[in-house]
Amino acid sequence: MAFLEKQSPGRVLLDDTVALTALIEASQNLQSHTVSLLRPGKWTQTRYSDFDMLNSSLLVSGVSLPLPPKKLLGNMDREFIAERQRGLQVYLDFITQHHILATCQLVKKFLDTNNYSANYTEIALQQVSMFFRSDPKWEVVEPLKDIGWRIRKKYFLIKNKEQPKERQVLSWVDLGPDKFLSDKDLQSTMKLLPSLTNPYIYPVTFANTSELSALVIRMFKEKGTLRDLICKVKPKEAFMRKYCSPKKIQGLELQQIRTYGRQILEVLRFLHDKGFPYGHLHASNIVIEDNTCKVLDIENSLLGLPSYYRPYITQFRKINTTESIDVYSFGHLLYEMTYGRPPDAVPVDQYPAVTYTSVVSVLQSILSTDACKTGMPTVAQLLQTPLFSDVLLFHSEKLQFKIPTKLRDALKTAKECMEKRLQEEQKTQHRRLTRAQSHHGSEEEKRRRKILARKVENTVTDSGTPSQTRAPRLRLGHPVTDSGTPSQTRAPRHRLGHPIIMYFLLHFPLTPKSTCYILYT
């Protein structure tokens, strides 16, 4: 059923998990304080009021944001301008390094208007309406605005007119950069999902795709996901409001951790045995039903969607297969079930006090520095640990997921392509970081940084009227990749010896196909 419009030729599938970054190089006083930015293709002026508007929109997250305060008098003062420049840089660094804020459309649009100005809710409504015209038994009850973290994925509460009291949830999503199945194979595999039977996988009512997007329908769970349970929030609230800074969090009891953990590991073993890539395990993709964990969104890898934890995964070259991604994601989930919140940073070598020593030993085997650098246990090995080995499972449901041989081969090839893209991104990031660190520690670079620091302090000069006062400008360039696909314009190459360029590469390493901003001088 081709209910979605066709994909335009040469369309670039962006990886929205890549955080955008920006460096403030200079400012300019033109009646009032401004920060100049170069969007891909043209210059634009971004005023302090634009930062203030962004900040106001992000306050719903409940996170304390370090935006420098507004000043009505003396805002043309040289020292104040330099101080505000530093404050705005701290602010940009904070929001682009926050795992949830960095992936929200508000921040993406602020830094990259060209790629993130589309109204995806409106686009989704149009596509869903086209689907309903082809299958009129469905009806939208209400949109579930921003309940997920993906920019290009939207949710709607719907009902079947033949069963009007039942509520189901429809998800619509753009295909992602890891989509390597042919359109025909993708359509065939998606149509198999409603036939999948596993007590620990949440069933799919309907699934379909086109060249551009996918649509999946499931029953709606009023109590929400495992993360909703842990954070004690209402499922229909916006993702950023629910999870950025939850007021009440509570980890699970040891028996729940053991039971849920065993059930989730059984799902991973089942999918791995079938040759079906997953890679999208996290607390928001788990629902609890009668003390049983059920995994959501197993179709994500087919649709080419990058993992929720991809910004972490690209740092560790040993996490280079879909199976190792599942184990790593299980470590994050186990931490969250234990402590009621995700880890502040990874690797994790120090753990808060907890009476569950058997849990900590498993966490160390997955999330420690040694594990991330040298390798983690397999799903089979985790099932043999004392934490999970003696957990009894009670289910009578027959496991069923018949994948034809031809499709199994196509899935294997697509899985290898996903892993290759990840490995290339990891290698590129490692090379750039190593090169930047080496240069950053050289004596010549240390001297250049001292000179640069003095220049920054003297950037704003007393050259007459305030309108002539020169100060930091933020200049941003086109996305830069090592792959250089025809549909993406490369930014000009600059010598690596420049101190500002090296500072950028050191603190904000780039990745293939990433939409990052390169500082020009």
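Residues numbered from 1 in each chain as written. Predicted model: local features only at pLDDT ≥ 70, side-chain atom pairs only at ≥ 80, totals over all residues. Heavy atoms only, no water.

Right, let's talk about the state of the cysteines for a bit. The final tally for this structure, using the stated rule, is 0 disulfides. Sulfur of Cys104: no disulfide; nearest cysteine sulfur belongs to Cys244 and is 7.8 Å away. Of the residues examined, Cys104 reaches a relative accessible area of 12% and is grouped as buried. (Disulfide = S-S within 2.5 Å. Buried < 20%, exposed > 50% of the residue type's maximum accessible area, 1.4 Å probe, protein only.)

With that out of the way, let us pick up the packing of aromatic side chains. Scanning the entire structure with this criterion turns up 14 aromatic pairs. Ring geometry for Phe131 versus Phe132: centroids 5.6 Å apart, planes at 45°, classification tilted. Ring-pair connections join several aromatic residues into one group, and the members of that group are Trp149, Tyr308, Tyr309, Tyr312, Phe316 and Tyr328. Stacked on the ring of Tyr48, the Lys or Arg Arg84 has its end atom at 4.0 Å from the ring centre. Positioned above the aromatic ring of Tyr243 is the side chain of Arg227, whose terminal nitrogen or guanidinium carbon lies 5.5 Å from the ring centre. (Phe/Tyr/Trp six-rings, centres within 6.5 Å; stacked < 30°, edge-to-face > 60°. Lys NZ or Arg CZ within 6 Å of the ring centre and 35° of its normal.)

Moving on, we get to the pattern of salt bridges. Counted under the stated rule, the structure contains 23 salt bridges. Of the charged contacts, one joins Arg421 and Asp178 as a salt bridge, the two residues approaching to 2.6 Å between their closest N and O atoms. Placement of Arg421 in helix α15 (residues 405-440) and of Asp178 in the loop between β6 (163-174) and α6 (183-192) is noted, with a sequence separation of 243 residues between them. Here the two residues Arg421 and Asp178 agree in accessibility, since each one is buried. As a salt-bridge pair, Lys294 and Glu289 come within 4.0 Å of each other at their nearest N and O atoms. Judged by its relative accessible area of 10%, Lys294 is buried. Taking relative accessible area as the criterion, Glu289 reaches 27% and is therefore assigned partly exposed. The structure contains a network of salt bridges with shared partners spanning Asp15, Asp178, Arg310, Arg421 and Glu425. (Salt bridge = Lys/Arg side-chain N within 4 Å of Asp/Glu carboxyl O. Helix = DSSP H or I, 4+ residues; strand = E, 2+ residues; numbered from the N terminus.)

This paragraph deals with the layout of surface pockets. Reported here for the second largest pocket is a volume of approximately 900 Å³. Around the second largest pocket, the lining is made up of 36 residues, and of these Ser57, Cys104, Gln105, Leu106 and Lys109 lie nearest the centre. Of all the secondary structure elements, the ones that give two or more residues to the lining of the second largest pocket are β3 (42-47), α1 (48-58), α3 (105-111), α5 (120-134), β5 (153-160) and α8 (239-243). The residue makeup of the lining of the second largest pocket, split by class, is 17 nonpolar, 11 polar and 8 charged. (1 Å grid on protein atoms, 1.4 Å probe; cavity = no way out; pocket = protein on both sides within 12 Å on 5 of 7 lines; lining within 4 Å. Points joined across faces, edges and corners; volume = space filled by probe spheres on them. Nonpolar A, V, L, I, M, F, W, Y, C, P; charged D, E, K, R; others polar.)

Looking now at empty space enclosed by the protein. Applying the stated criterion across every chain yields a total of 6 cavities of 30 Å³ or more. Of the pockets and cavities examined, the largest cavity occupies roughly 530 Å³. Around the largest cavity, the lining is made up of 33 residues, and of these Ile147, Tyr155, Thr225, Ser284 and Leu296 lie nearest the centre. Here the lining of the largest cavity is built from residues that sort into 16 nonpolar, 9 polar and 8 charged. The computed volume of the second largest cavity comes to approximately 180 Å³. Along the walls of the second largest cavity sit 18 residues, with Asp178, Arg310, Thr322, Ile325 and Met418 positioned nearest its centre. In terms of residue class, the lining of the second largest cavity is built from 7 nonpolar, 8 polar and 3 charged.

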